[in-house]
Amino acid sequence: MSELTTDQIADEMFNLVKEYAGKKRFKASDLTKEIIAKHGDSVNKKDCKAALRVLMDSGRCVYGYAGGSFISLPGEEGAAKQ
Amino acid sequence: MADHKLRETPLLDELKKGPWPSFVSDMKKMAERKPMVNDLLGQLELSYKEKKGHWKHGGLVGVMGYGGGIIGRYSDAAKEFPACAHFHTVRVNQPSGWFYTSAALRELCDIWDRHGSGMTNMHGSTGDCVFLGTTTDELEPIFAELTEKDWDLGGSGSDVRTPSCCNGMARCEYACYDTMDACYNITMEYQDELHRPAFPYKWKFKFSGCPNDCVASIARSDLSVIGTWRDEIRIDQAAVKEYADSGMEIRANVIRKCPTSCMSYDGKEITIDNKNCNRCMHCINVMPKALRPGTDTGATILIGGKAPIIEGALLATVLVPFIKMNKDDDYQEFKDLMERIWDFWDEHGVNRERIGECIERVGLGNFLEAIEVDPLPEHVHHPRTNPYIFYEEYFEEVDDAEAQKA
Ligand code: HEM
Ligand code: HEM
Ligand code: SF4
Ligand code: SF4
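Predicted model, so just to flag it, every value in this text is computed and none were measured. (Residues numbered from 1 in each chain as written. Chains lettered and ligands numbered in written order. Predicted model: local features only at pLDDT ≥ 70, side-chain atom pairs only at ≥ 80, totals over all residues. Heavy atoms only, no water.)

We now examine the sheet that holds strand S15 (residues 317-323) of chain B. All names here are of chain B. Taken in spatial order, the five strands make up an open sheet running S7-S8-S9-S14-S15, and their pairing is mixed. Two strands close off the open sheet at either side, each with one partner strand: strand S7 (164-165) and S15. Here strand S14 (residues 297-303) runs beside S15; their pairing, made up of four bridges, is antiparallel. If you follow Ala299 over to S15, its bridge partner there is Ile323. Packing of helix H7 (residues 179-189) onto the sheet brings it into contact with S7 and strand S8 (205-208), and relative to S8 it is tilted by some 165°. (Pairing = 2+ DSSP bridges. Helix = DSSP H or I, 4+ residues; strand = E, 2+ residues; numbered from the N terminus. Contact = heavy atoms within 4.5 Å. Axes fitted to C-alpha atoms, helices over the stretch in contact; angles between N-to-C directions.)

Here chain B is described as being made up of domain 1 (10-148), domain 2 (164-229 + 298-379) and domain 3 (234-292). Computed over C-alpha atoms, the centres of domain 1 of chain B and domain 3 of chain B are 48 Å apart. (Domains from an automatic or database assignment.)

Residues and elements named next belong to chain B. Topologically, Cys210 is positioned in the loop between S8 and helix H9 (217-220). The class for Cys210 is buried, based on a relative accessible area of 6%. Cys210 sits 113 residues away from Ile323 along the chain, and the two C-alpha atoms are 13 Å apart. Sequence-distant contacts of Cys210, defined by excluding residues within four places in its chain, comprise Tyr174, Ile226, Gly227 and Met281. (Buried < 20%, exposed > 50% of the residue type's maximum accessible area, 1.4 Å probe, protein only.)

Our focus in this paragraph is the pairing of strand S6 (residues 129-132) of chain B. Residue and element names in this part refer to chain B. Bridge analysis of strand S4 (residues 89-92) against S6 gives four bridges, and the strand direction is antiparallel. Each bridged residue has a counterpart across the sheet, and for Thr89 the counterpart in S6 is Leu132. Across four bridges, the pairing between strand S5 (residues 119-122) and S6 is antiparallel. Bridging from a neighbouring strand, Thr120 pairs with Phe131 of S6. Between S5 and S6, which pair antiparallel one after the other, the connecting turn spans six residues, and Gly127 there sits at a positive phi close to 115°.

Describing an aromatic ring pair means giving the distance of the ring centres and the angle of the ring planes. Going through the model one piece at a time under the given rule, you end up with 17 aromatic pairs over all chains. Here the aromatic rings of Trp112 of chain B and Phe131 of chain B are separated by 4.6 Å at their centres, their planes lie at 25°, and the arrangement is stacked. Here Phe131 of chain B lies in strand S6 and Trp112 of chain B lies in helix H4 (residues 102-115), a separation of 19 residues in the sequence. Here Trp112 of chain B matches Phe131 of chain B in class, with each residue buried. Measuring from ring centre to ring centre gives 6.1 Å for Tyr190 of chain B and Phe205 of chain B, while their planes differ by 15°; the resulting arrangement is stacked. With Tyr190 of chain B in the loop between H7 and helix H8 (191-195) and Phe205 of chain B in strand S8, this residue pair connects regions lying 15 residues apart in the sequence. On the basis of relative accessibility, which here comes to 2%, the residue Tyr190 of chain B falls in the buried class. One Lys or Arg, Arg60 of chain A, reaches over the ring of Phe14 of chain A and ends 5.1 Å from the middle of that ring. (Phe/Tyr/Trp six-rings, centres within 6.5 Å; stacked < 30°, edge-to-face > 60°. Lys NZ or Arg CZ within 6 Å of the ring centre and 35° of its normal.)

The structure is reproduced here in structure tokens:
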């Protein structure tokens, strides 16, 4: 299996957040677990950490807080307003 | 002079009476040039009258890319007090040991005067320098000005909270490792964990240079690093004599107060059975000229302390009895341990559960096994608690015996 780039992982994470918007609140570690579950050994936690940083810095997702921190689309309930 | 009408606050004014400095007096001074503070006083007066708070959570506000550092607050009485409709708190990562130059303080206050209420809390219980009260629009400009001057935001939410330390070697002869260096190093190492919340819940590091634990790390942090020594307390018998000559009741105030009864005094010299000393610091605190920590110094790492929020309070308990806090290898041993603990927490932590609660839930034995730390007598919290450590080798031996019988 070919290695995923950081950007590709970030895109996959974004798609997950988008797909489940309003249904599930992903913590950063949930996204990491999903990616690793899907791609197995070709990605590790460090890759996912770098991808999370790319994702958040791009502004496509923002952090939210409801008891604990989670990642969501901008403008969602409990999320940072852009 | 104020170009707005100052709020009447008869109830709050009561707090200006009495011998102590009053936050009301300070706020009133500020209210003359900051409408936000004026309305804040008005809202607080209302709260005193109604015995009811008027702040609400409005979800997260923050700066681009960061998931922590700013705590959003909105007024639910904004109609009446429009200037404090938004009242967000900004946590600014304090310098290690809270050392500032006056120039640095001016820099911070000037930024805050331009973009916020001008009120600060030096310092919050997390350790941060806390800027109290600003609006959502001002957040990015504040962040830009802070970072331009090499300041940064602290932590909030499910992340590494701003680490803090006692001023250790900078001012205190008891320090058994360089707390300020360790605190700074760990802060820089975990920038990602600090600004991008990825944990089940908050994680606090605190560093104290000796068992006096001036930052109360044992009660207030998930991971507490407390300086200690593993050789012998240094004794200067000439100084012991000076204390005696100046009238100190050495037997009553030092020897008999040693919690492990490991000291003796023959009227001339103190002897210590160091194997039984639990490094409580009592004797050293009473006779600092005569007694000093040893020279083979390092730290004890404790885990699981927390204040009551969701579950009750926990004091941290020993995880690693002695570790060299080694600057030269960049605290590698410490960081390796951290990686293993966080891997475990990622895997087994439940949302809003602190590591101390997580360990109680899964059992200390399972936790230790997962992070590859051997069970030790020091892991027993106190006499008559069962750490529930099972030695697998023991079961294996039985299995072997069964196998031989068969
Ligand atoms: C060969 C005989 C004995 C053996 C092997 C034995 C063994 C033990 C052990 C293993 C403990 C637990 C220690 C701990 O968990 O900290 C204990 C506690 C204790 N034993 Fe014995 N014991 C013996 C005889 C006695 C006798 C004859 C008495 C009283 C007349 C006694 C009174 C106690 C008491 C009061 C404790 C509790 C001490 C404390 O926790 O403060 N034992 N014993
Ligand atoms: C009606 C009579 C008694 C009652 C109601 C009673 C009750 C208790 C209770 C509630 C404890 C604390 C248990 C714990 O902390 O888990 C205790 C501990 C103890 N009792 Fe008694 N007891 C009685 C008689 C005695 C007698 C006659 C002896 C000795 C001859 C005795 C020896 C001890 C000892 C040594 C402990 C400490 C055990 C330990 O902490 O390991 N008790 N008792
Ligand atoms: S914790 Fe110990 S080393 Fe640090 S300031 Fe207090 S007494 Fe000094
Ligand atoms: S440090 Fe505490 S336990 Fe150790 S000798 Fe002094 S008083 Fe005793």
